[in-house]
Amino acid sequence: MSAEIASINGVLSDVSAAYIPATDDGLLRGDGVFEVARLYSGVPFALEEHYVRLAASAANLRLPYDEAALKSEVTAVLSEYGSRDGCLRIVITRGGIRLLLTEPLPARGLAVSLASVTYQPSVVLDGVKSLSYAANMLAGRLAVEKGADEALLITPEGMVLEAPTSTFFWVTNSEVFTPPLADRILESITRRHILTITGATEKSIHLPDLLGKIQAVSAVDGHELPVNGPMTVDLAGRLSDLVGSALGGS
Ligand SMILES: Cc1ncc(COP(=O)(O)O)c(C=O)c1O
């Protein structure tokens, strides 16, 4: 088996040999749900929380799936994967496919520059981490076209939301903030843990009020910002301690 592994309804294969039927509405209409869990030396972080969110997403989408089968398939994939760093993607499609994929860690630099992209969250998909991610992917491409690394999603009214595949925090005078879930951002598991360790305040913010107040982001719409300030370093250390203890020191 190659470095990355797939499982489709319990059948293990190389990722290159994994296919789903062309008639699956998961493919044709983005009708399905997904999760991506981080693997530290092969051990998933917060896997239970990913299962809980997946179940909620599927229930909200009226998408049935066999949770017990999924969990045993995850165990089989992880045992095949061994003790490497990476990610585990879990996908449930309308066509009845339980797809698991292992993936390498996404390449990330020390800091990212962001470009604002106007984005209107879809009300009917509140509480669903759905496969309909074309808007998020396009937002990332539009940001790259503007010369940035990634998008910062902003509502038509100018409220800051999140990045297309990441949660968003900012720091003002040593206080940590993040937009509230009521602004229709994803209930990110990373966000939940950072809220717990920092006691961050949930607060809506308009883009102009944000500029000049961010760390670990090197620029927003061309406004350069300090990189790797003390709060970022401190938060990164505390999050890594939390991950270490959640994984039982492994
Ligand atoms: C829109 C969006 N926000 C935030 C996140 C981060 O979520 P989590 O911390 O649960 O991985 C993701 C991850 O896919 C996402 O797609």
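This one's a predicted model, so the numbers in the text were calculated from it and none came from an experiment.

Conventions adopted
For every chain, the first residue of its written sequence is number 1, and the numbers climb from 1 along that sequence. Only residues with pLDDT of 70 or above have their local features reported here, since the model is predicted, and side-chain atom pairs are shown and tallied only from 80 upward, although totals for entire chains, interfaces and linings are computed over all residues. To get the side-chain values, all heavy atoms of the structure are used, and hydrogens and water are removed first. Labels follow the DSSP assignment, with helices taken as runs of H or I lasting at least four residues and strands as runs of E lasting at least two, numbered in each case from the N terminus. The quantity called the radius of gyration is restricted to C-alpha atoms. Its globule counterpart is 2.2 Å times the number of residues to the power 0.38. Exposure classes here rest on a 1.4 Å probe applied to the protein chains alone. A residue is buried below 20% of its type maximum, exposed above 50%, and partly exposed in between. Residue contacts follow a heavy-atom distance rule, with two residues in contact if any of their heavy atoms lie within 4.5 Å. Note on areas: Shrake-Rupley, 1.4 Å probe, and residue coverage restricted to the protein chains presented here. Paired strands are those between which DSSP finds at least two bridges. Segmentation into domains, and thus their bounds, comes from an automatic or database assignment. What gets called buried area is simply the loss in accessible area from a 1.4 Å probe that two parts show on being joined, summed for both. Whenever a carboxyl oxygen of Asp or Glu lies within 4 Å of a side-chain nitrogen of Lys or Arg, that contact is scored as a salt bridge.

S.K.: Describe the overall build of the protein chain, and please don't skip the residues or the numbers.
M.R.: Across its full length, the protein chain carries 7 helices and 13 strands. In terms of C-alpha radius of gyration, the protein chain reaches 19 Å, essentially the compact-globule figure of 18 Å for 250 residues. For the protein chain, the proportion of its 250 residues judged to be buried stands at 45%. Residue pairs in contact within the protein chain that sit at least 24 positions apart in sequence constitute 64% of those at least 6 positions apart. Surface summary for the protein chain: the accessible area is close to 12400 Å², and the carbon and sulfur share equals 55%.

S.K.: How would you sum up the sheet that holds strand 9 (residues 170–172)? Please name residues and give values.
M.R.: One open sheet holds the 3 strands; their spatial order is 9-10-11, and the pairing between them is mixed. At either margin of the open sheet sits one strand with a lone partner, and together these are strand 9 and strand 11 (201–202).

S.K.: So what's going on with the domain arrangement of the protein chain? Which residues, and what values?
M.R.: Partitioning the protein chain into domains gives domain 1 (5–103) and domain 2 (112–243). Taking the mean C-alpha position of each, domain 1 and domain 2 sit 26 Å from one another. Taken together, the 21 residues of domain 1 in the interface contact 17 residues of domain 2. When residues of domain 1 are sorted by the area they lose upon contact with domain 2, F34, F45 and R53 head the list and together hold 43% of the total. The interface formed by domain 1 and domain 2 contains 1 salt bridge. Residue E49 pairs with R192 through a salt bridge whose shortest N-O separation is 2.6 Å.

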